Amino acid sequence: DSLDFEWSYWIEWGREHILWLLVGHLLVSQMSQLFLEKYKPWCLMVYGMVACWFLLGIKGLAVILLHAITSFAVAQFKMPFLTWMCSLTLLSTLRVPAVEEAKRKWYDTENEYFLLLFTLSVRCLFYTSFSLEYCWHGSTQKSSHSFLWMLAYVFYYPVFHNGPLMNFDEFSKQMRRQEAFSLKTNLGILITGMIRIFFWWLLAELMIHLMYIHAIYSSSPPLETVSYWVLGGLALAQVQFFYVKYLVLYGVPGLLLRMDGLKPPALPCCVSRMHSFAKMWRSIFMKALITRCVCHFTYRYIYIPMGGSQASTLGMLFSSALTFAFVSYWHGGQSYLWYWGTFNWLGLIVENGIRRLLCAPPIQQLT
């Protein structure tokens, strides 16, 4: 079953190029940690730029640099609103037909163009994170929020194409931290991590080859003939595959982050353990993984700044609505994504409303 585009796409790129470039990053990281510890962030930055040039070409590298420079320039005004307008404008350029057509001509295949598109979308989260942190911090921290550190953050290769996301403050703080280098410890982390990832990959491949979840979903006649119990089982199977898929897709960069002395975002919780819709989304926000790590980003940079759960009821509704709106827009802004965001938002409202009703004193007295 090859109809899961995301899995097939990243596995193909991984086998051909990305996996080998990640091995190169690992070697550069360990050598710089051993011999050039002080210059490790800049060694990794240069490697990330070279890897970007190798896969996306000089024009792809130039576009990412242009976006980063533009965001950094706007951040100098220290106005989060302007930073958001800049980021949304840059993100919107990815969907301008004339711009799309021009970028397609840079590459021989559609897959190469999609790699640029995915990379630019994820890079948008990174340079926006840097710029917002820059706006929030005082002049005393200017050296730790320099343009050079922005480039080191934006071109950090393990999370370059598909995430997951670390906010800039976490990245810079952990990258600056000097720790004793132990080849034996790192080798143990690498071997253990590779065994776990291989198991997850094998499980995902077995699900793809034996269950045919996506092939069944691609045709409506079989779905119209089965019972609701079967439909529920198919939905659960698809969600379970989604979970295992991201254990692999985020497990690989997470392992490299640990090898670099960084703390990666925790891997996703199994969806079968979730019994509350609100708890599921809180887990997603905090784990920063499901839906490609965008939810953690919106939690820190949209939901909390707009008041979040500490605001009034209307303020909380507005904060969560903006969160789902950005997630829908970042993923492409197609109509089905707006429906998805709206229904998820309404689901949270209904569940929270019922929870508050059940916690009311009269109801508590009855129970």
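Residues numbered from 1 in each chain as written. Predicted model: local features only at pLDDT ≥ 70, side-chain atom pairs only at ≥ 80, totals over all residues. Heavy atoms only, no water.

Colleague: Can you help me understand helix H1 (residues 5–35) in this one?
Modeller: Helical periodicity: at 3.6 residues per turn, an α-helix aligns residues three or four positions apart in one direction. Taking 1.5 Å per residue as the helical rise, H1 with its 31 residues ought to reach 45 Å, and the 41 Å between its terminal C-alpha atoms agrees with that figure. Where H1 bends most, the angle comes to about 70 degrees, and this point is glycine 14. (Helix = DSSP H or I, 4+ residues; strand = E, 2+ residues; numbered from the N terminus. Expected span 1.5 Å × (residues − 1). Bend = angle between axes of the 7 residues up to and from the residue.)

Colleague: Just to check I follow, could you spell out helix H8 (residues 183–211) for this structure?
Modeller: Look at H8: 41 Å from first C-alpha to last across 29 residues, which is about the 42 Å you get at 1.5 Å a residue. For H8, the complete set of buried residues consists of Asn186, Ile189, Leu190, Gly193, Ile197, Trp200, Ala204, Glu205, Met207 and Ile208. In this fold, the buried residues of H8 make contact with H1, helix H9 (213–217), helix H11 (228–249) and helix H12 (251–259). Where H8 terminates, the next one or two residues include tyrosine 212, which has phi positive at roughly 50 degrees. (Buried < 20%, exposed > 50% of the residue type's maximum accessible area, 1.4 Å probe, protein only. Contact = heavy atoms within 4.5 Å.)

Colleague: Explain the packing of H11 against H12 to me, please; I cannot follow it from the model alone.
Modeller: Helix packing geometry: the angle between the two helix axes and the distance between the axes. At a closest axis distance of 4 Å, the pairing of H11 and H12 adopts a crossing angle of 35 degrees. Contacts from Tyr246, Leu247, Val248 and Leu249 in H11 reach Gly251, Val252 and Pro253 in H12. By residue class, the composition of the contact of H11 with H12 is six nonpolar, one polar and no charged. (Axes fitted to C-alpha atoms, helices over the stretch in contact; angles between N-to-C directions. Nonpolar A, V, L, I, M, F, W, Y, C, P; charged D, E, K, R; others polar.)

Colleague: Looking at this model, I keep getting lost on the domain arrangement of the protein chain. Mind explaining?
Modeller: As a measure of interface size, the accessible area lost when the parts come together is often cited. Taken domain by domain, the protein chain consists of domain 1 (5–177) and domain 2 (268–366). Contact residues are listed per partner, giving 20 residues for domain 1 and 16 residues for domain 2. Summed over both partners, the interface of domain 1 with domain 2 comes to about 1600 Å²; 66% of that surface belongs to carbon and sulfur atoms. Taken together, the connections running from domain 1 to domain 2 amount to one salt bridge. Taken together, domain 1 and domain 2 are joined by six residue pairs in polar contact (both at pLDDT 80 or more). Elements supplying a minimum of two residues to the side of domain 1 that touches domain 2: helix H3 (80–92) and helix H5 (110–136). When residues of the side of domain 1 that touches domain 2 are assigned to their parent elements, the largest contribution, nine residues, is made by H5. Per-class residue counts for the side of domain 1 that touches domain 2 are 11 nonpolar, six polar and three charged. (Domains from an automatic or database assignment. Buried area = accessible area lost by both parts, 1.4 Å probe. Salt bridge = Lys/Arg side-chain N within 4 Å of Asp/Glu carboxyl O. Polar contact = N/O pair within 3.5 Å; in protein donor to acceptor, adjacent residues only side chain to side chain.)

Colleague: It is not clear to me how a nonpolar patch on the surface should be interpreted in this structure. Could you clarify?
Modeller: Taken together, Met31, Leu34, Phe35, Leu36 and Tyr39 make up a surface patch of nonpolar side chains, about 550 Å² in accessible area. Within the secondary structure, methionine 31 sits in helix H1. (Patch = residues over 30% accessible without salt bridge, like charges linked within 9 Å, V, L, I, M, F, W, Y side chains within 5 Å. Areas by Shrake-Rupley, 256 points an atom, 1.4 Å probe, with all protein chains shown as cover.)

Colleague: Before we go on, may I ask you to explain the UniProt feature "transmembrane region" (unreviewed entry) in the protein chain in this structure?
Modeller: Listed under "transmembrane region" (unreviewed entry) in the UniProt record, and renumbered for this structure, are residues 43–69, 111–130, 150–168, 189–214, 226–249 and 311–330. When the span residues 189–214 is considered, its composition is 96% helix and 0% strand, and the gap between its end C-alpha atoms is 34 Å. The span residues 226–249 is 92% helix and 0% strand, and its two end C-alpha atoms sit 32 Å from each other. (UniProt positions renumbered as here; feature names shortened; annotations may be inferred.)

Colleague: Help me out: how do you make sense of the pattern of salt bridges in this one?
Modeller: Oppositely charged side chains may form a pair once their charged atoms are brought near each other. Going through the model one piece at a time under the given rule, you end up with four salt bridges. With its nearest N and O atoms 3.3 Å apart, the salt bridge here joins lysine 245 to aspartate 4. Linking lysine 245 in helix H11 with aspartate 4 in the segment before H1, this pair joins segments that are 241 residues apart in sequence. Each of the two residues, lysine 245 as well as aspartate 4, counts as buried. A salt bridge links arginine 300 to glutamate 133; its shortest N-O distance comes to 2.8 Å.

Colleague: What is the right way to look at the packing of helix H2 (residues 40–75) against H3 in this model?
Modeller: The N-to-C vectors of H2 and H3 enclose an angle of 160 degrees; their axes lie 9 Å apart at closest approach. Classified by the interaxial angle, the pair formed by H2 and H3 is roughly antiparallel. In this structure, H2 crosses over H3, and the sense of that crossing is right-handed. For the pair H2 and H3, the contacting residues are His67, Thr70, Ser71, Val74 and Ala75 in the first and Leu82, Thr83, Cys86 and Leu90 in the second. (Parallel < 35°, antiparallel > 145°, perpendicular 65-115°, else oblique. Left-handed = near helix turned anticlockwise from the far one by under 90°.)

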